[in-house]
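# Structural description and commentary
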Amino acid sequence: MTAADKSSAAAPGEPRADVAHLGYLDALRGYAILGVIAIHVVQRSPGLPQALGRFLFSGQQGVQLFFMVSAVTLLRSWTERNDGAGPFYLRRLFRIGPMWYLAILVWTILRLAAPNASEFAHRILPLSHLLVSLTYLHIWFPETINDVVPGGWSIGNEATFYLLFPLLAMLLIKVRRAGAFVLLAIGVSYAFGTWMHPTLTGSPNEDAGFLYFWFPNQIPAFAFGILTFQLIRSWQPSRWLAEFSVFASLAAIVLVPTLTRWDGPIVYGLIFMPLIFGLAHGGGSYLVSGVVRWIGQRSYSAYFWHLGLLGLVFLLPAPDPYLGFALRSGVLFVATFALSHLSYRVVEQPGIRLGKRVLARLRQFTSRESVPTAAPGL
């Protein structure tokens, strides 16, 4: 257990009102969203050098970094708050729900108002698609996984992980168990990818996309995050080893996509583990700047906004590939985080505060209900 963990841990049986905020986790979210934005820009930017294009394309693994950071963050919160599954589910609902439901509303309005405005809003969807997305079940159906909200597959994966999380948190309390779960998750990923019928939708491209995006294929990323947390708790490395862990991970992040064709949750789970571990123990402090932490705090909103702005940004003229990539990336970044800051302050933070108030009220109510009354005549 790190020094920060020791100083903020709750006494046994005593729930914590809040959990210490660690800057390196926000920084990792910042780098993750920058990678996700990079992949969506480079996909539409022909003419870049092949090595640069492959490196930027690996930004798609930023979503797996989000999943691993989510696992580490939630396990810290679960361990320190020590207040059970009910409060956990309530906090998660108010954390991801407001922005998710806003995204569903905005994209539904876009489809109704201008069905040909972008490639993402090309038709009116059945009501059943909206209902499935409202309940976070869209991740399980090829026709809905990304249909209502672009990029919604990642939110469905997060919600499914939340559903399983209390059980996983209670079972995977040791490094050995977490390691076994990683092996199980890798087996599940390969098994479902191999055994699923190759013509789920009749379109090989749509089938391949679904089998990549859905939860069984993404389980390894969450499993690696759980293992990373248990390693952080149980192993206190020297400073040079923490620095080396960060350096080795950064080298792999640069070299693997430029020199190989390796990708996916398993490969990048292995690559991101030493990065998170080293940062947690004080290595790589040069990566944890105030700017990237600010970006990371707004990364959830940015995930939705940048996808909605892509079509507008690529209306900008760009005769030169390099200039076009730089110009579009810059405009997209500024516009995305201007809107993300607004929704972070107006949607996300009020949602979190509302969840805390609801949880406090429920605790007051249950505490009053549990107070024993005096027996008659006493």
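Residues numbered from 1 in each chain as written. Predicted model: local features only at pLDDT ≥ 70, side-chain atom pairs only at ≥ 80, totals over all residues. Heavy atoms only, no water.

### So, the pattern of salt bridges
When charged atoms on two side chains of opposite charge get close, those side chains can pair. Short version of the rule: Put simply, a salt bridge is a Lys or Arg side-chain nitrogen that is within 4 Å of an Asp or Glu carboxyl oxygen. Burial here depends on accessible area, computed with a 1.4 Å probe over protein chains only, as a share of the maximum for the residue type. Under 20% is buried, over 50% is exposed, and the range in between is partly exposed.
Per the stated rule, a full pass over the model turns up six salt bridges. Note that Asp 83 is salt-bridged to Arg 91, the shortest N-O span being 3.0 Å. Here Asp 83 matches Arg 91 in class, with each residue buried. Look at the salt bridges and you will find they share partners, linking Asp 83, Arg 91 and Arg 363 into a network.

### As for the layout of surface pockets
Put simply, the rule reads: A pocket, in this scheme, is an open set of points on a 1 Å grid over the protein atoms alone with protein on both sides within 12 Å along at least 5 of 7 lines, while a cavity is a set where a 1.4 Å probe fits but cannot get out; residues line either one if an atom lies within 4 Å of a point. Grid points are joined across faces, edges and corners, and a volume is the space filled by probe spheres set on the points. Here a strand is any run of E in DSSP of at least two residues, a helix any run of H or I of at least four, and the numbering for each starts at the N terminus. Under this grouping Gly is polar, as are all residues other than the nonpolar Ala, Val, Leu, Ile, Met, Phe, Trp, Tyr, Cys and Pro and the charged Asp, Glu, Lys and Arg.
In this model, the largest pocket occupies a volume close to 1,200 Å³. Lining the largest pocket are 41 residues; nearest its centre among them are Arg 29, Thr 73, Arg 92, Arg 95 and Ile 352. A total of ten residues in the lining of the largest pocket trace back to one element, the largest contributor, which is helix α4 (residues 62–81). Each residue belonging to the lining of the largest pocket can be placed in one class, and the counts come to 18 nonpolar, eleven polar and twelve charged.

### With respect to the packing of helix α11 (residues 239–259) against helix α12 (residues 265–280)
Applied cut-off: For helices, the fitted line uses only the C-alpha atoms of the stretch in contact; every axis is such a line through C-alpha atoms, and the angle between N-to-C directions lies from 0 to 180 degrees. Roughly parallel means an angle under 35 degrees; roughly antiparallel, over 145; roughly perpendicular, 65 to 115; everything else is oblique. Each helix crossing is assigned a hand: it is left-handed if the near helix lies turned anticlockwise from the far helix by less than a right angle, otherwise right-handed if that turn is clockwise. Contacts between residues were defined by any pair of non-hydrogen atoms, one from each residue, lying within 4.5 Å.
Between α11 and α12, whose axes approach to 7 Å, the crossing angle comes to 150 degrees. The angle between α11 and α12 places the two elements in the roughly antiparallel class. Helix-helix and strand crossings are classified by hand; for α11 and α12 the assignment is left-handed. Where α11 abuts α12, its residues Ala 242, Ser 245, Val 246, Ser 249, Leu 250, Ala 252, Ile 253, Val 256 and Pro 257 lie against Tyr 268, Ile 271, Phe 272, Pro 274, Leu 275, Phe 277, Gly 278 and Leu 279. Partitioning the contact of α11 with α12 into residue classes produces 14 nonpolar, three polar and no charged.

### Observations concerning the confidence of the model for the protein chain
Low pLDDT means the predicted atomic positions in that stretch should not be read closely. Heads up, the rule is: Confidence scores labelled pLDDT are given residue by residue by the predictor and lie between 0 and 100.
With 87% of its residues at a pLDDT of at least 70, the protein chain reaches an overall mean of 87. In the model, residues 1–19 has pLDDT below 50 throughout and makes 39 contacts with residues more than four positions away in sequence or in other chains.

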